[in-house]
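Below are the chains, spelled out letter by letter.
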Amino acid sequence: MLLLHGFPETSLMWRDVVPLLSNTFTVVAADLPGYGESDCPADRSMSKRSMAETLLEAMVAIGFNRFAVAGHDRGGRVGYRMALDHPNAVIRLAVLDVLPIAEVWRRADDRLVLTFWPFSLLAQPAPLPEQLILGAPHAVIDNALSQWGADARVFSPEVREDYIRAISDPAHVHSICDEYRAAASIDREHDEADEAADRMINCPVCVLWSSGGPLDAWYAEHDGPIGIWRRIAPVVSGEAMPGGHFFPEVFPLETGTKLARFLSGA
């Protein structure tokens, strides 16, 4: 099983979920390319396609040609791109509090810009977003951990400091911003090309999202997150989860239990 994190986290976000899964699965919790302790790609873009290829190569290199993927936030987008581009590799996919990129842009409005400020701010041309993050990395982390629906008390000082450290390195911050720029350009084009070609995700998909959060509230007229995911994946199940955007860290037992049940085919 490959676990992928989101922004502004690292693979540390899975710290309390991995022990719940490791009795059943071989678990690989990876820092996304350009994030955390992973290298910043020198000869590849930060498109989800390139990131998925890098992670697939890593999984194959350690002996796994077929595996399940669970991704939160940005990691969910890398995961679904991997499932689309490499259907023989991804046997099950779980996406946590995230929607397909083209679907987000198609329905974008003032709520998206004001609530998910990184989606637009970090996609601005360099060096503005890089300078803003590097000027106050602690403010970015504190805003995310306290304002995105989670209880900030869940995050220990050590975890907070680790997340601050992960967005304090100029090379990694540049890669992160490039990843957001890709989401506003080439990633969207890849999604739209798949849609035009009727290319779908073949494996079963589990969608988990924050109860009462934006995904829960904004898309009811489209049958919610499950209805939107069914536009690109015919076999979709899922439910809302308490705990805000970072529910895997707030409720790791509940998250790990649901992931284990789905990823084992139960």
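Structure shown above.
Residues numbered from 1 in each chain as written. Predicted model: local features only at pLDDT ≥ 70, side-chain atom pairs only at ≥ 80, totals over all residues. Heavy atoms only, no water.

### Examining the overall build of the protein
And then number 1: Helix and strand counts for the protein stand at 15 helices and six strands.
And then number 2: Computed over its C-alpha atoms, the radius of gyration of the protein comes to 17 Å, within 12% of the 18 Å expected for a compact globule of 266 residues.
And then number 3: Seen through its C-alpha atoms, the protein measures out along the principal axes to roughly 45 × 40 × 40 Å.
And then number 4: Each of the 266 residues in the protein was classed as buried or not, and the buried ones make up 52%.
And then number 5: Across the protein, contacts joining residues at least 24 apart in sequence account for 75% of those joining residues at least 6 apart.
And then number 6: When the accessible surface of the protein is summed, it comes to about 11,100 Å², and 53% of that surface belongs to carbon and sulfur atoms. (Helix = DSSP H or I, 4+ residues; strand = E, 2+ residues; numbered from the N terminus. Rg over C-alpha atoms; globule rule 2.2 N^0.38 Å. Buried < 20%, exposed > 50% of the residue type's maximum accessible area, 1.4 Å probe, protein only. Contact = heavy atoms within 4.5 Å. Areas by Shrake-Rupley, 256 points an atom, 1.4 Å probe, with all protein chains shown as cover.)

### Here's the deal with the packing of aromatic side chains
And then number 1: Counted by the stated rule, this structure contains eight aromatic pairs.
And then number 2: On the numbers, 5.5 Å between centres and 80° between planes, the contact of Phe7 with Tyr180 is edge-to-face. Of this pair, Phe7 sits in the loop between strand S1 (2-4) and helix H1 (18-21) while Tyr180 sits in helix H10 (residues 170-183), and the two are 173 residues apart along the sequence. The exposure classification of Phe7 matches that of Tyr180, with both residues buried.
And then number 3: Above the plane of the ring of Tyr180 lies Arg74, whose end atom (NZ or CZ) is 3.7 Å from the centre.
And then number 4: Between the NZ or CZ atom of Arg92 and the centre of the ring of Phe262, over which it lies, the distance is 5.0 Å. (Phe/Tyr/Trp six-rings, centres within 6.5 Å; stacked < 30°, edge-to-face > 60°. Lys NZ or Arg CZ within 6 Å of the ring centre and 35° of its normal.)

### Re the layout of surface pockets
And then number 1: Here the largest pocket defines a volume of roughly 170 Å³.
And then number 2: As for the largest pocket, its lining consists of Thr10, Ser11, Leu12, Asp31, Gly36, Glu37, Asp162, Arg165, Ala166, Asp169 and His172.
And then number 3: When residues in the lining of the largest pocket are grouped by element, the largest group, three residues, is from helix H9 (residues 157-166).
And then number 4: When grouped by side-chain class, the residues that make up the lining of the largest pocket number two nonpolar, four polar and five charged. (1 Å grid on protein atoms, 1.4 Å probe; cavity = no way out; pocket = protein on both sides within 12 Å on 5 of 7 lines; lining within 4 Å. Points joined across faces, edges and corners; volume = space filled by probe spheres on them. Nonpolar A, V, L, I, M, F, W, Y, C, P; charged D, E, K, R; others polar.)

### Remarks on the side chain of His245
And then number 1: With respect to the helices and strands, the residue His245 is situated in the loop between strand S6 (236-241) and helix H14 (247-250).
And then number 2: When neighbours within four sequence positions are excluded, His245 is seen to be in contact with His72, Asp73, Asp97, Trp148 and Ser210.

### Some words on the environment of Glu130
And then number 1: Of note, Glu130 is situated in helix H7 (residues 128-135).
And then number 2: A relative accessible area of 6% means that Glu130 is categorised as buried.
And then number 3: In sequence terms Glu130 and Met82 are 48 residues apart; their C-alpha atoms lie 27 Å from each other.
And then number 4: In this structure, Glu130 is in contact with Val173, His174, Cys177 and Arg181, ignoring residues within four places of it in sequence.

### Quick word on empty space enclosed by the protein
And then number 1: In the structure shown here, the tally under the stated rule is two cavities of 30 Å³ or more.
And then number 2: Of the voids in this model, the largest cavity is the one considered here, and its volume is about 220 Å³.
And then number 3: Considering the residues around the largest cavity, the lining is formed by 18 residues, among which Asp73, Arg77, Asp97, Phe116 and Phe119 are closest to the centre.
And then number 4: Per-class residue counts for the lining of the largest cavity are 13 nonpolar, one polar and four charged.
And then number 5: Reported here for the second largest cavity is a volume of approximately 100 Å³.
And then number 6: Lining the second largest cavity are Tyr80, Arg81, Leu84, Pro100, Ala102, Glu103, Arg106, Asp191, Asp194, Glu195, Arg199 and Ile232.
And then number 7: Among the elements of the structure, helix H3 (74-85), helix H4 (101-106) and helix H11 (186-196) are those that each provide at least two residues to the lining of the second largest cavity.
And then number 8: Class assignment for the residues of the lining of the second largest cavity results in five nonpolar, no polar and seven charged.

### With respect to the sheet that holds strand S2 (residues 28-30)
And then number 1: As summarised here, the arrangement of the six strands in space is S2-S1-S3-S4-S5-S6, forming an open sheet in which the pairing is parallel. The sheet is open, and its two borders are formed by S2 and S6, each paired with just one other strand. Neighbouring strand axes in the sheet, compared pairwise and without regard to direction, differ in orientation by 15° on average.
And then number 2: With six bridges connecting them, strand S5 (residues 205-210) and S6 associate as parallel partners. Considered in S6, the bridge of Val207 is made with Gly238.
And then number 3: Contacting S1, strand S3 (67-72) and strand S4 (90-96), H3 runs over the sheet at an angle of about 145° to S3.
And then number 4: Sitting on the sheet, helix H15 (residues 252-263) touches S3, S4, S5 and S6, and the angle it makes with S4 is about 155°. (Pairing = 2+ DSSP bridges. Axes fitted to C-alpha atoms, helices over the stretch in contact; angles between N-to-C directions.)

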